[in-house]
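Chain by chain, the residues run as shown.
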Amino acid sequence: MKDGLRELIGRQPNKTPRVGDGVARIVTSVDQLQLPPGATEQERLALLRDRALLRTLWATGMRREELSRLNRTDIQDGRAAEGLITGKGGKDRVVFFDERALEAVRAYLAARGDTLLPLYVRQRSPRGPGRPRGERWRLSPQSVWGVVKKYADLAGVDATTHHLRHLKARVLLNGGAQLAEVQD
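What counts, and at which threshold
- Residues numbered from 1 in each chain as written.
- Predicted model: local features only at pLDDT ≥ 70, side-chain atom pairs only at ≥ 80, totals over all residues.
- Heavy atoms only, no water.
- Helix = DSSP H or I, 4+ residues; strand = E, 2+ residues; numbered from the N terminus.
- Buried < 20%, exposed > 50% of the residue type's maximum accessible area, 1.4 Å probe, protein only.
- Contact = heavy atoms within 4.5 Å.
- Areas by Shrake-Rupley, 256 points an atom, 1.4 Å probe, with all protein chains shown as cover.
- Phe/Tyr/Trp six-rings, centres within 6.5 Å; stacked < 30°, edge-to-face > 60°.
- Patch = residues over 30% accessible without salt bridge, like charges linked within 9 Å, V, L, I, M, F, W, Y side chains within 5 Å.
- Salt bridge = Lys/Arg side-chain N within 4 Å of Asp/Glu carboxyl O.
- Core = buried A, V, L, I, M, F, W, Y, C linked by side-chain atoms within 4.5 Å.
- Axes fitted to C-alpha atoms, helices over the stretch in contact; angles between N-to-C directions.
- Parallel < 35°, antiparallel > 145°, perpendicular 65-115°, else oblique.
- Left-handed = near helix turned anticlockwise from the far one by under 90°.
- Nonpolar A, V, L, I, M, F, W, Y, C, P; charged D, E, K, R; others polar.
- Pairing = 2+ DSSP bridges.

S.K.: Help me understand the overall build of the chain in this model?
M.R.: For the chain, the count of helices and strands is eight helices and two strands. Tracing the chain from N to C terminus, the helices and strands come up as α-α-α-α-β-β-α-α-α-α. For the chain, the proportion of its 184 residues judged to be buried stands at 42%. Taking all contacts inside the chain whose residues are at least 6 apart in sequence as the whole, residues at least 24 apart take part in 59%. A total accessible area of about 10,900 Å² is found for the chain, and carbon and sulfur atoms account for 52% of it.

S.K.: Quick question: what am I supposed to make of the packing of aromatic side chains here?
M.R.: Within the structure shown, the criterion is met by one aromatic pair. Ring centres of Tyr108 and Tyr120 lie 6.0 Å apart, and the angle between their planes is 15 degrees; on these two criteria the pair is classed as stacked. In this pair, Tyr108 sits in helix H5 (residues 99-112) while Tyr120 sits in the loop between H5 and helix H6 (141-155), placing the two residues twelve residues apart along the sequence. The pair Tyr108 / Tyr120 is uniform in exposure class, with both members buried.

S.K.: Even after reading the chapter, I still don't get a nonpolar patch on the surface, so can you show me in this structure?
M.R.: Together, Leu84, Val94 and Phe96 make up an exposed nonpolar region whose accessible area comes to about 290 Å². With respect to the element layout, Val94 can be found in strand E2 (residues 92-96).

S.K.: Would you take a moment to explain the nonpolar core for this structure?
M.R.: Judged by nonpolar contacts, the single largest core of 43 residues is most densely connected at Leu53, Leu54, Tyr120 and Leu164. Going through the elements one at a time, helix H2 (25-32), helix H3 (41-60), H5, H6 and helix H7 (161-174) are the ones with two or more residues in this core. Here the element with the most residues in this core is H3; it accounts for nine residues. Among residues more than four places away in sequence, those in contact with Leu164 are Val23, Val27, Leu54, Leu57, Trp58 and Val148.

S.K.: When you look at the environment of Arg136 in this model, what are you seeing that I'm missing?
M.R.: Among the structural elements, Arg136 can be located in the loop between H5 and H6. Note on Arg136: relative accessible area 40%, which makes it partly exposed. Along the chain, Arg136 and Pro118 lie 18 residues apart, while their C-alpha atoms are 9.4 Å from each other.

S.K.: Sorry, what's going on with the packing of H2 against H3 here?
M.R.: Running from amino to carboxyl end, H2 crosses H3 at an angle of 155 degrees, the nearest separation of the two axes being 10 Å. Between H2 and H3, the angle is such that the two are roughly antiparallel. For the pair H2 and H3, the crossing hand works out as left-handed. Of the residues in H3, those touching H2 at Ile26, Val27, Val30 and Asp31 are Leu47, Arg51, Leu54, Arg55 and Trp58. Its residues assigned to classes, the contact of H2 with H3 shows six nonpolar, no polar and three charged.

S.K.: I would appreciate a short explanation of the packing of H3 against H5 in the present structure.
M.R.: The packing of two helices is summarised by the inter-axis angle and the distance between the axes. One way to put it is that H3 packs onto H5 with a least axis distance of 8 Å and a crossing angle of 155 degrees. By the angle between their directions, the pair H3 and H5 is classed as roughly antiparallel. Every pair of crossing elements has a handedness; the one defined by H3 and H5 is left-handed. Here H3 contributes Glu41, Arg44, Leu45, Leu48, Arg49, Arg51, Ala52, Arg55, Thr56 and Ala59 to the contact with H5, which in turn contributes Arg100, Ala101, Ala104, Val105, Ala107, Tyr108, Ala111 and Arg112.

S.K.: Honestly, the pairing of E2 in this entry has me stumped. Any pointers?
M.R.: Residues in a regular strand point their side chains to alternate faces of the sheet. Across the two faces of E2 the burial differs, with Arg93 and Val95 buried and Asp92, Val94 and Phe96 not buried at all. The sheet contact formed by strand E1 (residues 82-86) and E2 spans five bridges and is antiparallel. For Glu82, the partnering residue across the bridge sits in E2 and is Phe96.

From the geometry alone we can't say anything about function, so treat these as descriptive.
This is the structure in structure tokens:
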């Protein structure tokens, strides 16, 4: 009887975050964008940055604060498929990049052609003097949020950076990952 009760009630399945599949359109729409004729170098770099940024959020499920603190050395200029980051609460954790995210990062860094430490920087001209290694030009967490909102609006989706994080969690859980793995 106890076995039958366990089978009937079972363990409650993990509730996956309520995020629509349309959130993924943000990433696909930025991949398809073309620059208008006569676009400036800063506009070209901003588009490459935004593609890499959105691909990174999609692949890793990082928070915007974590992404803004990401340095190019953390992922060896797009050659490392994983990176060690310091997350919420000062906890270190490993994030994993897929090949499309790494390709986008490599394309962005190659076009940037500098040695600034931050992986994602503001694309303004002229840059002028800044703090050592480009800290002044690091993209802020609020700017990361703004990039996601911009492309969400273009894709016709109501989403933020956290929606991408939730969708990544849902995809992993539905793909058979254990909740503890996803939480880590």
